[in-house]
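# Report on the structure
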Amino acid sequence: MIEESVECEVWWASPAQSDPALLELLDDAERARHGRFRRAADRDRYAVAHALARLVLAEAAGCGPTEVAFTLECPHCDGEEDREPHGKPRPAGPAAGLELSISHSGDRVAVALTRGAPVGVDVEEVSERRDVEGLAEMVLAPDERAALAALPAERAALAFHDYWARKEALLKASGEGIYGGLTGVSVSPPGGPPRVLSWSTPGAPPLDRVRLQDLDAGPGYRAALAVLTSAPVAVTVHGTAPLPAARPAGEAPPR
């Protein structure tokens, strides 16, 4: 029997869409974290990403964005009580049962949403300032490093960020994050269809329950999407997400 496809929606936004009105959509913990960023660019990325996540979830759950709640789950902390809550955001409250992933880098913000199947999205700005050769030791498995070393220098940076985005999307979907070990995942070389060749981290699913694809994030960026399911995945990509701007004086905030 053919399994029904999993619907996945991906939204793109930009930090340039940041506005003080977005902070009204966040909860107290999110606003506190937003305020701790020293750089305005980091504050803008955070505000846009988390406001967009709440708007997307609210639309899917039929509630107001301020009614959306999250639990944060980190499989590496063993319940340490002296750390700020962190880890993969799990929608709770009216949005329970939905699955969400957030990523941002440079001028790109991405939010991915599914129902009933874990999802991970990652976007990476290609930076010529990065020490690709040095980072490859921490990010790539031995066979991936060999494939990267065989590429001309002008293609190596792009290929490295393809590897990175694919692997981080997978680890976000499993909930392990990069601390789960990027070298514990091996994917097919860039330039061909993305496939998971091996996955040895503790939270790794069976490989027949992994769907991986590249996303087009525009020039100078690499992005990937992972959904943990054996079913086909139908992906709908939305362009620049509509985000609320500052309201006229006296207008009520969104419910």
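Anyway, here's the lowdown on the structure attached to this text. (Residues numbered from 1 in each chain as written. Predicted model: local features only at pLDDT ≥ 70, side-chain atom pairs only at ≥ 80, totals over all residues. Heavy atoms only, no water.)

Right, let's get into the overall build of the chain. Within the chain, the secondary structure is distributed over five helices and eleven strands. For the chain, the proportion of its 255 residues judged to be buried stands at 45%. For the chain, restricting intrachain contacts to residue pairs at least 6 apart in sequence, the fraction spanning at least 24 positions comes to 61%. As displayed, the chain has an accessible area near 12,800 Å², and 52% of this comes from carbon and sulfur atoms. (Helix = DSSP H or I, 4+ residues; strand = E, 2+ residues; numbered from the N terminus. Buried < 20%, exposed > 50% of the residue type's maximum accessible area, 1.4 Å probe, protein only. Contact = heavy atoms within 4.5 Å. Areas by Shrake-Rupley, 256 points an atom, 1.4 Å probe, with all protein chains shown as cover.)

A word on the sheet that holds strand β1 (residues 6-13). Read from one edge to the other, the open sheet built from four strands follows the order β4-β5-β1-β11, with strand pairing classed as mixed. Where the open sheet ends on each side, the last strands, each with one partner, are β4 (98-105) and β11 (233-240). Direction aside, the axes of adjacent strands within the sheet are offset by 15 degrees on average. In this structure, β1 lies alongside β11, joined through seven bridges in parallel fashion. Its bridge partner lying in β11, E7 is registered against A234. Contacting β1, β4 and β5 (108-115), helix α2 (residues 40-61) runs over the sheet at an angle of about 160 degrees to β4. (Pairing = 2+ DSSP bridges. Axes fitted to C-alpha atoms, helices over the stretch in contact; angles between N-to-C directions.)

Another point: the pattern of salt bridges. Pairing of side chains with opposite charge becomes possible as their charged atoms draw close. One pass over the full model with this rule turns up twelve salt bridges. For R108, the salt bridge identified is with D107, shortest N-O distance 3.7 Å. For D107, a relative accessible area of 37% puts it in the partly exposed group. Overlapping salt bridges, with partners in common, bring together D27, E30 and R54 in one network. (Salt bridge = Lys/Arg side-chain N within 4 Å of Asp/Glu carboxyl O.)

What follows deals with the packing of helix α3 (residues 132-139) against helix α4 (residues 142-149). At a minimum axis distance of 9 Å, the contact between α3 and α4 shows a crossing angle of 160 degrees. One finds that α3 runs roughly antiparallel with respect to α4. Of the two elements, α3 crosses α4, and the hand of that crossing is right-handed. Each of V132, A136, E137 and V139 in α3 lies in contact with α4, whose residues at this interface are E144, R145 and L148. Counted by class, the contact of α3 with α4 contains four nonpolar, no polar and three charged residues. (Parallel < 35°, antiparallel > 145°, perpendicular 65-115°, else oblique. Left-handed = near helix turned anticlockwise from the far one by under 90°. Nonpolar A, V, L, I, M, F, W, Y, C, P; charged D, E, K, R; others polar.)

Core analysis: the biggest nonpolar cluster contains 27 residues, and L140, L148, F160, L170, V185, V196 and W199 have the highest contact counts within it. Of all elements in the fold, only α3, α5 (153-174), β7 (185-187), β8 (196-199) and β10 (221-227) reach the threshold of two or more residues within this core. At eleven residues, the largest contribution of residues to this core is made by α5. Residues in contact with L148, not counting those within four places in the same chain, are V132, A136, L140, A156, A159 and F160. (Core = buried A, V, L, I, M, F, W, Y, C linked by side-chain atoms within 4.5 Å.)

Moving on, we come to the sheet that holds β10. With respect to topology, three strands assemble into an open sheet ordered β6-β10-β9, the strand pairing being antiparallel. The open sheet terminates on both sides in strands that have one partner only, identified here as β6 (119-125) and β9 (211-215). With strand direction ignored, the average angle separating the axes of adjacent strands in the sheet is 15 degrees. Sheet topology places β9 next to β10; five bridges connect them, and they run antiparallel.

Here the focus is the pairing of β4. With seven of eight residues buried, β4 is to be regarded as a mostly interior element. Pairing analysis gives eight bridges linking β4 to β5, with the strands arranged antiparallel. Bridged to L100 within β5 is L113. A loop of two residues connects β4 with β5, the two strands running antiparallel in sequence, and G106 in this loop sits at a positive phi of about 55 degrees.

Relative to each other, α3 and α5 sit at 25 degrees, their axes nearing to 11 Å. Between α3 and α5, the crossing angle belongs to the class labelled roughly parallel. Between α3 and α5 lies a crossing of left-handed hand. Listed contacts from α5 to V132, L135, A136 and V139 of α3 are A156, A157, F160, W164 and K167. Among the residues making up the contact of α3 with α5, the classes are represented as eight nonpolar, no polar and one charged.

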